[in-house]
There are 2 protein chains.
Amino acid sequence: MNLILFSPAEISRPLPRSDRRAIHLVDVLRRGPGETFDAAMINGPRGKATVRSITPEAIQLDFAWGPAPSPAPELTLLIGLPRPQTARDILRDATTLGATALHFMLTEKGDPNYAQSRLWSTGEWERQLLLGAEQAFDSRIPAVVRGATLSETLAVVCATKSSEPRIALDNYEAACPLSTLALDPGSPVILAFGAERGWSATERLQLREHGFAFAHLGERVLRTETAILAAMVLVQAKRGLM
Amino acid sequence: MNLILFSPAEISRPLPRSDRRAIHLVDVLRRGPGETFDAAMINGPRGKATVRSITPEAIQLDFAWGPAPSPAPELTLLIGLPRPQTARDILRDATTLGATALHFMLTEKGDPNYAQSRLWSTGEWERQLLLGAEQAFDSRIPAVVRGATLSETLAVVCATKSSEPRIALDNYEAACPLSTLALDPGSPVILAFGAERGWSATERLQLREHGFAFAHLGERVLRTETAILAAMVLVQAKRGLM
């Protein structure tokens, strides 16, 4: 936890001593009254927090904020709903690498039962976003949408934007390596990943109709979470952000 | 498990029914007598295995091998010994991405107690290599060395090779993004990563003396395992392998 994130509502009230951030502050960072640490408001400014007091019940904090962050370069990921352990890693690591929107979709070759996981029914999915942002030292967390089909997602995501590069990863049928595609620095990008067993023929057609180019990540077969990280790294490097 | 790996000694004897590969074959892939699956000899040829018989104690297999694999393009990683959970992920994922040698080193800012983990005292570290290679559909697993200091490692690794690019990742002091370095396709590469808290001043000097260039991965702060994956992806893409 390089940066500790707070929601706007939390700024004006004491932090419960049982909160994971309070435990980290006192037990790991060993901050006492008068000492400071790096803090940020979720999707807002970074700054310094000072511990005013620590009681067995709560920590009182004072904040001094810097300027608001600039908008992040858009990187939208469309992902066939993966198994919960994989989704957990993606939520955290895609946030660390700067995703601005994550759409977890129901796809033809995916397993809709994964949507029943405790990852989604408890607040765990949101906690992973915070962990990923805190790691990256960034206050910005991606918007998360889940439960829509690919065609519903495409209708929404592709209706409001028209010119950004759209790339679908496809290790079975793509002819072109993602690493050879050109991207403008700062350009918004949409990346689409199928579920573990890939895209159906119908889905490939839908993606093509919505202007997606198909690309692959080489001959080695990667786990879903590794493929997503790898594709994001290549895109961020091409855009001059890594 | 896209490919099931066997050591040369295992080829000629029955596979115990309790072995993780036997369990996968029967309970997940549901292969019965006469059916085949993709197999490979560790660091040797890939081929097809056919189930001859299944008893409660063992599975008898017949193998038909293809040609021996070509040598992998060398990618040597020097890594400050990380905490065991991180090392586990690195062993698996660096293998998947095509590392040919992994040196887990004792560094000044590292914690030598991590070497006492069950990851290293049991065969668990080796199992992670196999999982990574099976995922990648590759029979080749990296050589693993651990317990040497940085200077001992540099003396060995840099004594036998002289012309390959050597890059040390350093998020604190490097001026150049890794993504902007040029690499020849197929060129061997050595990448060095400090422990979680980075390199000491002495270590930076040693790396410089051994011809290492310093590079960073952008402004976002990455977990050690994510930084290693990201650097490997950029190197493999530059070498035309991704």
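What counts as what
- Residues numbered from 1 in each chain as written.
- Chains lettered and ligands numbered in written order.
- Predicted model: local features only at pLDDT ≥ 70, side-chain atom pairs only at ≥ 80, totals over all residues.
- Least-squares fit on C-alpha atoms with pLDDT ≥ 70 in both.
- Contact = placed C-beta atoms within 7 Å.
- Pairing = 2+ DSSP bridges.
- Helix = DSSP H or I, 4+ residues; strand = E, 2+ residues; numbered from the N terminus.
- Axes fitted to C-alpha atoms, helices over the stretch in contact; angles between N-to-C directions.
- Domains from an automatic or database assignment.
- Nonpolar A, V, L, I, M, F, W, Y, C, P; charged D, E, K, R; others polar.
- Buried ≥ 20, exposed ≤ 12 C-beta atoms within 10 Å, placed from the backbone.
- Left-handed = near helix turned anticlockwise from the far one by under 90°.
- Arc of directions from axis to C-beta.

Before going further, it helps to examine the relation of the copies chain B and chain A. Mapping chain B onto chain A calls for a rotation angle of 180° and an axial translation of 0.0 Å; the resulting RMSD is 0.0 Å. The symmetry that links the two subunits is that of a two-fold axis. In this assembly the copies share their binding face: 100% of the residues contributing to the interface of chain B also contribute to that of chain A.

All names here are of chain A. The six strands lie next to each other as β8-β7-β6-β10-β9-β11, forming an open sheet whose pairing is parallel. What marks the edges here is a single partner per strand, and that holds for β8 (143-149) and β11 (213-215). In this sheet, neighbouring strand axes are inclined to one another by 20° on average, regardless of whether the strands run parallel or antiparallel. Sheet analysis places strand β6 (residues 75-80) next to strand β10 (residues 189-193), joined by five bridges and oriented parallel.

So, on to the domain arrangement of chain A. Residue and element names in this part refer to chain A. Here chain A is partitioned into domain 1 (4-65) and domain 2 (75-238). Relative placement of domain 1 and domain 2: their C-alpha centres are 33 Å apart. Taken residue by residue, the interface counts eight residues in domain 1 and six residues in domain 2. When residues of the side of domain 1 that touches domain 2 are traced back to their parent elements, those giving at least two are β1 (4-6) and β3 (36-41).

Let us look at the interface of chain B and chain A. At the junction of the two partners, chain B supplies 26 residues and chain A supplies 26 residues. Put simply, the parts of the chain that give the side of chain B that touches chain A at least two residues each are α2 (84-96), α4 (124-136) and α7 (224-238) of chain B. Looking at which element gives the most residues to the side of chain B that touches chain A, the answer is α7 of chain B, with seven residues. Split by residue class, the side of chain B that touches chain A holds 14 nonpolar, eight polar and four charged.

Let's shift gears to the pairing of strand β5 (residues 58-65) of chain A. Residues and elements named next belong to chain A. For strand β2 (residues 15-16) and β5, the ladder comprises two bridges, and the chain directions are antiparallel. Directly across from P16, in β5, lies its bridge partner A58. Hairpin geometry of strand β4 (residues 46-54) and β5 is characterised by an intervening segment of three residues between the two adjacent antiparallel strands.

This paragraph deals with the environment of A230 of chain A. One can find A230 of chain A in helix α7 (residues 224-238). A230 of chain A sits in the buried class, given 26 other C-beta atoms within 10 Å. C-alpha separation for the pair A230 of chain A and Y114 of chain A, spaced 116 residues apart in sequence, amounts to 23 Å. With residues near it in sequence (within four places) discarded, A230 of chain A still touches L217 and L222 of chain A together with V233 of chain B.

Another point: the packing of helix α2 (residues 84-96) of chain A against helix α4 (residues 124-136) of chain A. Residue and element names in this part refer to chain A. As a packed pair, α2 and α4 sit with axes 7 Å apart at the nearest point and diverge in direction by 30°. Here α2 runs over α4; the crossing is right-handed. Along the contact surface, α2 presents R88, L91, R92, D93, T95 and T96, while α4 presents W125, Q128, L129, L131, G132, A133, Q135 and A136. The residue makeup of the contact of α2 with α4, split by class, is six nonpolar, five polar and three charged.

All names here are of chain B. Here we have six strands laid out as an open sheet, ordered β8-β7-β6-β10-β9-β11, and parallel in their pairing. The sheet is open, and its two edges are formed by β8 (143-149) and β11 (213-215), each paired on a single side. Across the sheet, the mean angle from the axis of one strand to that of its neighbour is 20°, orientation sign disregarded. Its contacts with the sheet put helix α5 (residues 150-157) on β6 (75-80), β7 (101-106), β8 and β10 (189-193), and the angle it makes with β8 is roughly 135°.

Right, let's talk about the environment of L207 of chain A for a bit. All names here are of chain A. Note that L207 resides in helix α6 (residues 201-209). Overall, L207 belongs to the buried group, with 24 C-beta atoms counted inside 10 Å. Along the chain, L207 and F193 lie 14 residues apart, while their C-alpha atoms are 11 Å from each other. What L207 contacts, discounting residues up to four positions off in sequence, is A168, A192 and F212.

Turning our attention to unusual backbone geometry. Residue and element names in this part refer to chain B. Even without being a glycine, N43 presents a positive backbone phi close to 60°. According to the C-beta neighbour criterion, N43 is partly exposed, with 18 such atoms within 10 Å. At F137, a residue that is not glycine, the phi angle is positive and equals roughly 60°. On the secondary structure map, F137 appears in the loop between α4 and β8. A residue is classified by how many C-beta atoms lie within 10 Å of it, and F137, with 16 of them, is partly exposed.

What follows covers the packing of α7 of chain A against α7 of chain B. Relative to each other, α7 of chain A and α7 of chain B sit at 65°, their axes nearing to 9 Å. For the element pair α7 of chain A and α7 of chain B, the recorded crossing hand is right-handed. Two secondary-structure elements touch here, α7 of chain A through T226, L229, A230, V233, L234 and A237 of chain A and α7 of chain B through T226, L229, A230, V233, L234 and A237 of chain B. A per-class count over the contact of α7 of chain A with α7 of chain B returns 10 nonpolar, two polar and no charged.

This next bit is on α5 of chain B. The periodicity of an α-helix, 3.6 residues per turn, causes residues three or four positions apart to be oriented the same way. For α5 of chain B, the set of buried residues is L150, T153, L154 and V157 of chain B. What you see down the axis of α5 of chain B is that its buried residues fit within an arc of 100°, all on one side.

The subject of this paragraph is the environment of G80 of chain A. With respect to the secondary-structure elements, G80 of chain A resides in strand β6. With sequence-adjacent residues up to four places away left out, G80 of chain A is seen in contact with M105, T107, G110, F193, G194 and A195 of chain A.

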